Amino acid sequence: MALPKAQTLFGDSPEAPALTKAEVSRRFDELMSALDQAPTRVVDQAVIAQSFGEGRGISFDTSGPATAFDALSKAISPEMAKALSPDALASVTSALDALKADQPDLMKDITTTSPLSSGLVAYDLEAPAKMLTPRPTPIRNRLPRRKGIGLAHQFKVISGFTGTATGGVANIHPGIQDTTQTNFAPSGAANSLYYARGPKITYAGYDKTVPYSQFSVSDAVTWSAQYAGQGYQDIRQLSRTSLLYSSMLLEERMLLLGRGTSGRGFLGALAAPTNVTLTARSAATGETALSGVSTNIYVKVTADAGDFGQSVLSSAATVAPSSQVVDVTVTLPAGATGMRVYVSTGSSDPGDSARWYAGRTGTNTFTLQGALPTSGTAASAVTGDTTAYTAGYDGILPICTGADSGYVKRLNAALSTSNPGSEWQDAFAALYDNVKADPDRTLLNGSDRKQLSDSLKTSTSSNYRMTITQDQLTGVTLGDVVNTIINEVTGKGVNVEVHPWLPQGNAPIISDTLPLPDSEVSDVWAVYNVQDMMGVDWPVTQFAFESSSYWMGTLVCYAPAWNGAITGIKRA
């Protein structure tokens, strides 16, 4: 739109005569003069914030009152003061003084803590929640998953025949002569039946039944949680995802550490450790003498089964140390991943309710040092065995340390530095002697693999050499890691793998396949599921969305004797 003309801006009514140019100029000059005489004030951001913070507008009269107190004080002119009675004037003056005293509070700025301690500030919440939850499942990812039916998986095993030297079958000499006669009469026959033939071979075998078990975990999301979370995160989606990963992680731990009850044909519960002995001695380098102990120490221990539990308590042992440390030494049952230690003090045994959890170890020795625990988990919480479950099966580590394993050695010591890897070479030799096993891999806890790798650095043998390389001008690479152990018996490379959930001190030695081309065993280890893992969303019967996972299956090991374990590796 075009700007109006000067005649329109400064002229009179439309019916009035048009103004001369001189008159228009005069009236324009009068407007500019009036604008120049208008009160002006330059205000910056601080002045604006202060004015608004005090609850008043911006005054362009710098000489005028700036606050409500100033305005009231200025309104009491001398003429008004003369008109008021002395009492009335004193009352007004007193009220103004009170207002002046409150003026700092009335004029307080809005800050990050005023008028609310939490501040009138935005909340910089980043959505959604961060999932800092490790979820590795290497065994579950590796093992084949096959379809099962019925209540148990069954198979038959020919464990040996004459010449294999396995399955308890003795060897025979096959030599014959023309006059050689061997009794071929059926067992229990009334008369002998001899033929001029070589001796008959014999067989050994057994039936194997591995029952299936049911597994499930559940979660629920209340309606209030779901609807209140809108705009931030889908809580139902989080619940379902977490439920899936939780199920997979728990199955991973079952595959590694599970133990079934003996009544269902599995290894059964671990017995309590025996021969509990307490030995007080002087603190060695790096150890801290016991503190706060002026009487006896009483100790009970349990056999550790890893993530799923512990055995019943052992009998109590006692010692009266001075400024020393105390070694707890036991005899562990086969299959234990280590022991858990509970300790109490007193002139007499205060009982399990005052006996506190002091720690766990993968060996048969635990050293009590420093300040002993006086709170936490009491031994009285161990009310029964939790190492074996009716709805469970034997996992890899229990099978590798069980009665049918081909080799089990409890070191109760650190790994060798004079001959690194010798512990595995002993296992390889024994497994080959027993069943001609040729393992594929060994699993280690992270700290145990580090100890094995470090053994090369401290080895006294000149057969190992580590070279530090320099990349051009800068950058030096330090450290090395053992990723393969050469089987000195067969020449095969055995992979060294870290398992994230393997208890320290235990190293199963695993055969994934058999060195037997016609064994009818394609995989030594396999998961059989009647129903593989599935998710269930339950009908809404209350103000909550409920979900469950479900699977029914078991772990099958066709050839336990081709596997073994090294246990009791002392932490370096």
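Not measured: the values here are computed from a predicted model.

Enquirer: Break down the overall build of the protein chain for me, with residues and values.
Expert: Summing up its helical and strand segments, the protein chain has 12 helices and 22 strands in all. By residue count, 36% of the 572 residues in the protein chain fall in the buried class. Excluding contacts between residues fewer than 6 apart, the proportion of contacts in the protein chain whose partners are at least 24 apart in sequence is 74%. Total accessible area on the protein chain is roughly 32900 Å²; 55% of this is exposed by carbon and sulfur atoms.

Enquirer: Give me the lowdown on the environment of serine 455, citing residues and values where you can.
Expert: Structurally, serine 455 is set in helix H12 (residues 446-458). Remark: the alpha-carbon pair of serine 455 and threonine 417, spanning 38 residues in sequence, is separated by 4.8 Å. If sequence neighbours within four positions are ignored, serine 455 has contacts with Ser416, Thr417 and Pro420. A distance of 2.4 Å separates the side chain of serine 455 from the backbone oxygen of leucine 452, its partner in a polar contact.

Enquirer: Residues and numbers for the packing of aromatic side chains, please.
Expert: Summed over all chains, the structure comprises 10 aromatic pairs. Each residue in the set Trp223, Tyr227, Phe543 and Phe545 is aromatic and connected to the rest through ring pairs, giving one cluster. The aromatic ring of tyrosine 245 is capped on one face by arginine 135, whose charged end is 4.3 Å from the ring centroid.

Enquirer: Requested: an account of helix H9 (residues 235-257), with residues and values cited.
Expert: With 23 residues, H9 should reach 33 Å at 1.5 Å per residue; the first-to-last C-alpha distance of 32 Å fits that figure. Those residues of H9 lying buried are Ser239, Leu243, Ser247, Met248, Leu249, Glu251, Glu252, Arg253, Met254, Leu255, Leu256 and Leu257. If you check the start of H9, you find a side-chain oxygen 3.2 Å away from the backbone N of arginine 236, and it comes from aspartate 234.

Enquirer: Could you give an account of a nonpolar patch on the surface, with specific residues and numbers?
Expert: There is a patch of nonpolar side chains on the surface, built from Ile158, Phe161, Ile172, Ile201 and Tyr203 and spanning about 540 Å² of accessible area. Here isoleucine 172 falls in the partly exposed class, since its relative accessible area comes to 41%.

Parameters and conventions
- Residues numbered from 1 in each chain as written.
- Predicted model: local features only at pLDDT ≥ 70, side-chain atom pairs only at ≥ 80, totals over all residues.
- Heavy atoms only, no water.
- Helix = DSSP H or I, 4+ residues; strand = E, 2+ residues; numbered from the N terminus.
- Buried < 20%, exposed > 50% of the residue type's maximum accessible area, 1.4 Å probe, protein only.
- Contact = heavy atoms within 4.5 Å.
- Areas by Shrake-Rupley, 256 points an atom, 1.4 Å probe, with all protein chains shown as cover.
- Polar contact = N/O pair within 3.5 Å; in protein donor to acceptor, adjacent residues only side chain to side chain.
- Phe/Tyr/Trp six-rings, centres within 6.5 Å; stacked < 30°, edge-to-face > 60°.
- Lys NZ or Arg CZ within 6 Å of the ring centre and 35° of its normal.
- Expected span 1.5 Å × (residues − 1).
- Patch = residues over 30% accessible without salt bridge, like charges linked within 9 Å, V, L, I, M, F, W, Y side chains within 5 Å.
- Salt bridge = Lys/Arg side-chain N within 4 Å of Asp/Glu carboxyl O.

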